Amino acid sequence: STIPTRVNVKGRLQGSWGPLPNHYGEPVLGAMIQSGDKMVTLEESQPGAYPQMHSAPDGEVIITGALPGVWRGQPRLYLDQHSDIVTQSDVEITRMGMLRTKANVEGIVLSCSRRDGQRIDGRPWSMMSFHIWDGERVAEAVAFGSAMNGSILSIGPGDNVSLVSAELGWRDGLVQLRIDSRRTRINIKSKA
């Protein structure tokens, strides 16, 4: 319940692209926003979530209601139908160098699933996901490919687990905690 959700940032939009595949292979629009020496990638949170991204005003803008996250160690802002790009607003601005892109959570695992498949380019992919409940809210945690180690594969419904330094991401406006094999620590506090 304390995971950061929406932020407002200010800067200049640059280098729009897309639709191009995101890390799920879905076609989304993207761009960059720069403030001082900080540059952050903008991306639709899902296909068609913010189709007006490329028709934003020129010059300095304020993005309201962006979802903060990270992909491959780099901060990212996801836009959806609750986001907006405007030239003026009296909202509180978050400095782009201060975006919270990670979370620590503890809770009970409600469900687990594993999926394997093949990308369009023929390369295989694997994903393990589980839903964790902290007594108030539910979040999805996911591990891709090499991040699916023995600890993660041993997690089952009813286990009490903690995740330290899970990367924030978003799917359909809901938080997704991504497990990075080098940075995220997983502790199975008790097995069901």
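Residues numbered from 1 in each chain as written. Predicted model: local features only at pLDDT ≥ 70, side-chain atom pairs only at ≥ 80, totals over all residues. Heavy atoms only, no water.

A.B. asks: Go over the nonpolar core with me, naming the residues and quoting the values.
C.D. replies: In this structure, Ile3, Phe130, Leu163, Val175 and Leu177 are the most contacted members of the largest nonpolar core, which totals 25 residues. Mapped onto this core, the elements with two or more residues apiece are strand 4 (60-71), strand 7 (102-118), strand 8 (124-133), strand 9 (138-144), strand 10 (160-171) and strand 11 (174-178). No other element matches strand 10, which puts 5 residues into this core. Apart from residues no more than four positions distant in its own chain, leucine 163 is found in contact with Ala103, Asn104, Val105, Phe130, Ala141, Leu177, Ile179, Arg185 and Ile186. Ranked by size, the runner-up nonpolar core spans 18 residues in total, among them Val7, Ala31, Ile33 and Ala66. (Core = buried A, V, L, I, M, F, W, Y, C linked by side-chain atoms within 4.5 Å. Buried < 20%, exposed > 50% of the residue type's maximum accessible area, 1.4 Å probe, protein only. Helix = DSSP H or I, 4+ residues; strand = E, 2+ residues; numbered from the N terminus. Contact = heavy atoms within 4.5 Å.)

A.B. asks: Tell me what's going on with the confidence of the model for the protein, and back it up with residues and numbers.
C.D. replies: Across the protein, the average pLDDT comes to 89, with 99% of residues at or above 70. By mean pLDDT, strand 11 is the weakest element of the protein at 87, and strand 6 (residues 84-86) is the strongest at 95. (pLDDT = per-residue confidence, 0-100.)

A.B. asks: Just give me the short version of the side chain of aspartate 159, but keep the residues and values in it.
C.D. replies: Relative to the elements of secondary structure, aspartate 159 occurs in the loop between helix 1 (150-153) and strand 10. What makes aspartate 159 buried here is its relative accessible area of 2%. Polar contacts involving the side chain of aspartate 159 include one to the side chain of lysine 191, which spans 2.9 Å. Excluding anything up to four places from it in sequence, aspartate 159 contacts Gly107, Ile108, Val109, Ser154, Ile188, Ser190, Lys191 and Ala192. (Polar contact = N/O pair within 3.5 Å; in protein donor to acceptor, adjacent residues only side chain to side chain.)

A.B. asks: So what about the pattern of salt bridges? Which residues, and what values?
C.D. replies: Under the counting rule described, the total for this entry stands at 6 salt bridges. Measuring nitrogen to oxygen at the nearest pair gives 2.7 Å for the salt bridge that ties glutamate 43 to arginine 76. Taken together, the residues span a long stretch of sequence, with glutamate 43 in strand 3 (residues 38-44) and arginine 76 in strand 5 (residues 74-79) at a distance of 33 residues. The exposure class of glutamate 43 is buried, given its relative accessible area of 7%. A residue is classified by how much of its surface remains accessible, and arginine 76, at 14% relative accessible area, is buried. Its salt-bridge partner being aspartate 180, residue arginine 183 comes within 3.0 Å of it at the nearest N-O pair. (Salt bridge = Lys/Arg side-chain N within 4 Å of Asp/Glu carboxyl O.)

A.B. asks: Please give an account of the environment of arginine 76 that cites residues and values.
C.D. replies: Taking the C-alpha atoms as reference points, arginine 76 and alanine 143, 67 residues apart in sequence, are found 18 Å from one another. Ignoring any residue separated from it by four or fewer positions in sequence, one finds arginine 76 in contact with Val40, Thr41, Glu43, Leu67, Pro68, Gly69, Val70 and Trp71. Among the polar contacts made by the side chain of arginine 76, one reaches the side chain of glutamate 43 at a distance of 2.7 Å.

A.B. asks: Just give me the short version of the pairing of strand 1 (residues 7-21), but keep the residues and values in it.
C.D. replies: Judged from the 5 bridges that link them, strand 1 and strand 4 form a sheet pairing that is antiparallel. The residue bridging valine 7 from the neighbouring strand is alanine 66, located in strand 4. Bridging between strand 1 and strand 2 (residues 27-35) involves 6 bridges; their strand directions are antiparallel. From the neighbouring strand, leucine 20 faces strand 2, where its bridge partner is valine 28. The turn joining strand 1 and strand 2, which pair antiparallel and follow one another in sequence, is formed by 5 residues; a positive phi near 85° is taken by glycine 25. (Pairing = 2+ DSSP bridges.)

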